[in-house]
Amino acid sequence: MAKKRVLALLSALMLLPQGMAVRAEEDSCALRIYVSENGSDNNDGSESAPFATIDAARKYLRSVNKTNLKKGRIEVIIKEGEYLLGDSILFEDKDSGTEDNPIYYKGEKPDSVKLTHAQDVDSSNFSLVSDDAVLERIPEEARDNVYEVDLKNLGITDYGQVERKEYGKGVAKYFELYFNGNPLSLSRYPNDKFMLTGQVVSDSSSGVTFKYEGDRYKNWTKADQALVYGFWSNGYGDDAMFITNIDQSKGEISTNSRPYFGIKSDRKYYIYNLLEEVDSPGEYFLDRNTGKLYVYPPEDINSAEICISTNRNSFMSFKNAKYITVENLNFEGSCGNAISMEYCKYVDVKFCRVLNIAGTAVTIIGGSDSNIYGCEIYNIGGSGVVSYAGDRQTLAPGNIVVENCHIHKFAQYSKTYTPAVKLDFVGNTIINNVIHDCPHTAIMFGNNDNKILYNEIYDVCQETDDCGAIYGGRTWTSYGNVISNNYIHDVRGPGSQSIAVYCDDMMSGITMENNVLDSVTQAFGIGGGHY
């Protein structure tokens, strides 16, 4: 009964449902202009003659003399539709609102406005692979299901390099493929598990060589763009390396670089980015030598909605901006980040949905007093929200708040140290969020006076070891941080150290109280430090 009472209390404190995105506010509106996909940037922005782009509305508002406006909100109402963006929409100080006239860029209705970097590709452009030389490289059981398209015929010629994960760094994505609204995966083997390294033959700064087991490698002799990814020395340090040679006579794989922590035997890894392993629905391989894309569709391709993104810009960038709110918008389909803020104040993101983003949903560098509120963030390659705000020298707070958000299926490409929320520096808050489904940590924090309150966290640390659902480390001077009234459950990773709250490597001065920890491998980890 006690547990039921705790769960009832926590559920009452969880995030508000998506349907509450239209608030009951009745603030007076000083000015309202409109954007529609059927509009024109030569229009005046009225409801009957809307602009076609958000950027045109931004430029128009620069010309408005706000000193002549009555007190109230300035609203840019974005009509229902899908808006394909190219360059980032840049909001600077000149684009700011004021305390009396804050500016709102908002969708007319919840879930009705989609901003995207992904261009549509008609499924009729795809055809079953018929070239015998190509078919020979595809596993026999998959040959009747793999389609191809020449990207050059679609006008796509810049697809960059294949992503390579380095420990401590994010993954730079240059190409994303979406099928019926879901990102497809680069081909890999095994499809959903790992192999184990054999004997380590060499480990040097120029690369490593290790033994492998089995005979699957016989299919990979022509795979000249393949990489290996793994946890080569421990359970938290992941790296990817290009393969330079597969020696069949010796049963050895050689790479062009060395993992950050070196390499040991019996460590888990997989091989990816090779035509020879397009053998499962939802996998693809892009041959960067020829520009041909090979896809094993997860569903009938003839009726599918297929999109491709090669755009690494943020949808919206804010630099030294103030008093701007982004509301009721969906940001979807990009190789980069969704929203970036630098040295802004009172810039809020509310009731938005951010999905299918290869980078980070929201980045905040410097500035203060901004909120990420009521958003759903999922299918993210990196982190949900990353913030560095506040002043360590003076302990002036950043007052960045991440509240009432649902963040899940993040760190899909950059698997370690890319949490749902990372708050660093001073005086910021993570409160009342639901966070789940990731390979590593859910929340990271550092420095001083940050608060982590009333969050539910579960099904995290799924692929890693020596990690925490809530994690901070490596400073003696992290006083004033509070971790309180969180519900952390079902944290059981593949190793022995899946920890609910982890203060690692001399992390000091943390208050941890009134948290409910259930079905976790380890409740607390204290790696030295002092109070």
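Residues numbered from 1 in each chain as written. Predicted model: local features only at pLDDT ≥ 70, side-chain atom pairs only at ≥ 80, totals over all residues. Heavy atoms only, no water.

Draft legend 1. Spotlight on the overall build of the protein. Along its length, the protein carries three helices and 48 strands. Computed over the C-alpha atoms, the radius of gyration of the protein is 25 Å, within 12% of the 24 Å expected from 2.2 N^0.38 for a compact globule of 531 residues. Relative to its 531 residues, the protein shows a buried fraction of 57%. Here the contacts in the protein between residues at least 6 apart in sequence split such that 69% fall between residues at least 24 apart. In the form shown here, the protein has an accessible surface area of approximately 22100 Å², with 44% of it arising from carbon and sulfur atoms. The distance from the centre of the 50 positive side-chain charges to the centre of the 72 negative ones in the protein is 4 Å. (Helix = DSSP H or I, 4+ residues; strand = E, 2+ residues; numbered from the N terminus. Rg over C-alpha atoms; globule rule 2.2 N^0.38 Å. Buried < 20%, exposed > 50% of the residue type's maximum accessible area, 1.4 Å probe, protein only. Contact = heavy atoms within 4.5 Å. Areas by Shrake-Rupley, 256 points an atom, 1.4 Å probe, with all protein chains shown as cover. Lys, Arg positive; Asp, Glu negative; His and termini not counted. Charge placed at Lys NZ, Arg CZ, Asp CG, Glu CD.)

Draft legend 2. Up close: the nonpolar core. By size, the foremost hydrophobic cluster in this structure holds 77 residues, and its most contacted members are Leu115, Phe318, Phe331, Met341 and Ile372. Counting 27 residues, the second-largest nonpolar core is a separate cluster that includes Leu151, Ile156, Leu184 and Ile301. (Core = buried A, V, L, I, M, F, W, Y, C linked by side-chain atoms within 4.5 Å.)

Draft legend 3. Examining empty space enclosed by the protein more closely. Overall, the coordinates contain one cavity of 30 Å³ or more when judged by the stated rule. As a volume, the largest cavity reaches approximately 40 Å³. For the largest cavity, the full set of lining residues is Val162, Glu163, Phe175, Leu186, Tyr284, Leu286 and Arg288. Class assignment for the residues of the lining of the largest cavity results in five nonpolar, no polar and two charged. (1 Å grid on protein atoms, 1.4 Å probe; cavity = no way out; pocket = protein on both sides within 12 Å on 5 of 7 lines; lining within 4 Å. Points joined across faces, edges and corners; volume = space filled by probe spheres on them. Nonpolar A, V, L, I, M, F, W, Y, C, P; charged D, E, K, R; others polar.)

Draft legend 4. Structural view of the sheet that holds strand β11 (residues 182-183). Taken in spatial order, the four strands line up as β7-β23-β10-β11 in an open sheet, and their pairing is antiparallel. In this open sheet, the two edge strands, each paired with only one partner strand, are β7 (119-121) and β11. (Pairing = 2+ DSSP bridges.)

Draft legend 5. How the structure looks around the sheet that holds strand β22 (residues 292-296). Pairing is mixed across the open sheet formed by five strands, whose spatial order is β8-β9-β22-β21-β12. Either end of the sheet is taken by a strand with one partner, and the two such strands are β8 (127-128) and β12 (185-186). Bridge count between strand β21 (residues 283-287) and β22: five bridges; the pairing is antiparallel. Looking across to β22, one finds that leucine 286 is bridged to leucine 293.

Draft legend 6. Structural context of the layout of surface pockets. Volume-wise, the largest pocket comes out at about 1100 Å³. Around the largest pocket sit 42 residues that line it, and Ser185, Arg188, Gln412, Tyr413 and Lys415 are the ones nearest its centre. Breaking the lining of the largest pocket down by element, the ones donating at least two residues are β10 (176-179), β11, β12, β20 (268-272), β21, β29 (353-357) and β32 (376-380). Of the residues belonging to the lining of the largest pocket, the class tally is 18 nonpolar, 11 polar and 13 charged.

Draft legend 7. Examining the packing of aromatic side chains more closely. This structure, assessed with the given rule, holds 24 aromatic pairs. Ring centres 5.9 Å apart and planes at 80 degrees place the aromatic pair tyrosine 229 and phenylalanine 231 in the edge-to-face group. By relative accessible area, tyrosine 229 is classed as buried at 3%. Among the aromatic side chains, those forming a connected cluster through ring pairs are Tyr167, Tyr236, Tyr260, Phe261, Tyr417, Tyr471 and Tyr502. Above the ring of tyrosine 104, the side-chain terminus of arginine 73 is found at 3.8 Å from the ring centroid. Seen from the ring of tyrosine 174, arginine 312 lies directly overhead, with NZ or CZ sitting 4.8 Å from the centre. (Phe/Tyr/Trp six-rings, centres within 6.5 Å; stacked < 30°, edge-to-face > 60°. Lys NZ or Arg CZ within 6 Å of the ring centre and 35° of its normal.)

Draft legend 8. The arrangement of the side chain of serine 414 in detail. Among the secondary structure elements, serine 414 is positioned in the loop between β35 (406-408) and β36 (421-425). Apart from the residues within four sequence positions on either side, serine 414 is in contact with Lys165, Lys169, Gly170, Val171 and Gly381.

Draft legend 9. Just the pattern of salt bridges, in detail. Applying the stated criterion across every chain, the model contains 28 salt bridges. A salt bridge links arginine 137 to glutamate 276; the shortest N-O distance between them is 2.7 Å. With arginine 137 in the loop between α3 (132-135) and β9 (147-150) and glutamate 276 in the loop between β20 and β21, this pair connects stretches of sequence that are 139 residues apart. For glutamate 276, a relative accessible area of 2% gives the class buried. Where salt bridges share partners, they join Asp55, Arg58, Lys59, Arg62, Glu92 and Asp95 into one cluster. (Salt bridge = Lys/Arg side-chain N within 4 Å of Asp/Glu carboxyl O.)

Draft legend 10. Representation of the state of the cysteines. On inspection of all chains with the given rule, the structure shows zero disulfides. Between cysteine 335, a free cysteine, and cysteine 307, which holds the nearest cysteine sulfur, the sulfur-to-sulfur gap is 12 Å. A disulfide-free cysteine, cysteine 375 has its sulfur positioned 4.7 Å from the sulfur of cysteine 405, the nearest such atom. (Disulfide = S-S within 2.5 Å.)

Draft legend 11. A look at the environment of glycine 97. With respect to the helices and strands, glycine 97 occurs in the loop between β4 (89-91) and β5 (103-107). A residue is classified by how much of its surface remains accessible, and glycine 97, at 7% relative accessible area, is buried. For glycine 97 and isoleucine 324, which are 227 residues apart along the polypeptide, the C-alpha to C-alpha distance reads 6.1 Å. When residues no more than four places from it in sequence are discounted, the contact partners of glycine 97 are Pro102, Ile103, Lys322, Tyr323 and Ile324.

Draft legend 12. Highlighting the side chain of aspartate 238. In this fold, aspartate 238 is placed in strand β18 (residues 238-247). A residue is classified by how much of its surface remains accessible, and aspartate 238, at 0% relative accessible area, is buried. Within polar-contact distance, the side chain of aspartate 238 engages the side chain of tyrosine 229 at 2.8 Å. Only 2.6 Å separates the side chain of aspartate 238 from the side chain of threonine 416, close enough to count as a polar contact. Setting aside residues up to four positions removed in sequence, aspartate 238 forms contacts with Lys165, Glu166, Tyr167, Tyr229, Gly230, Phe231, Lys415 and Thr416. (Polar contact = N/O pair within 3.5 Å; in protein donor to acceptor, adjacent residues only side chain to side chain.)

Draft legend 13. Up close: the pairing of strand β27 (residues 339-342). Where strand β24 (residues 316-319) meets β27, four bridges bridge the pair, whose relative direction is parallel. Residue phenylalanine 318 lies in a different strand from β27, and its bridge partner there is methionine 341. By the bridge criterion, four bridges tie β27 to strand β30 (residues 362-365) in an arrangement that is parallel. For isoleucine 339, the partnering residue across the bridge sits in β30 and is valine 362.

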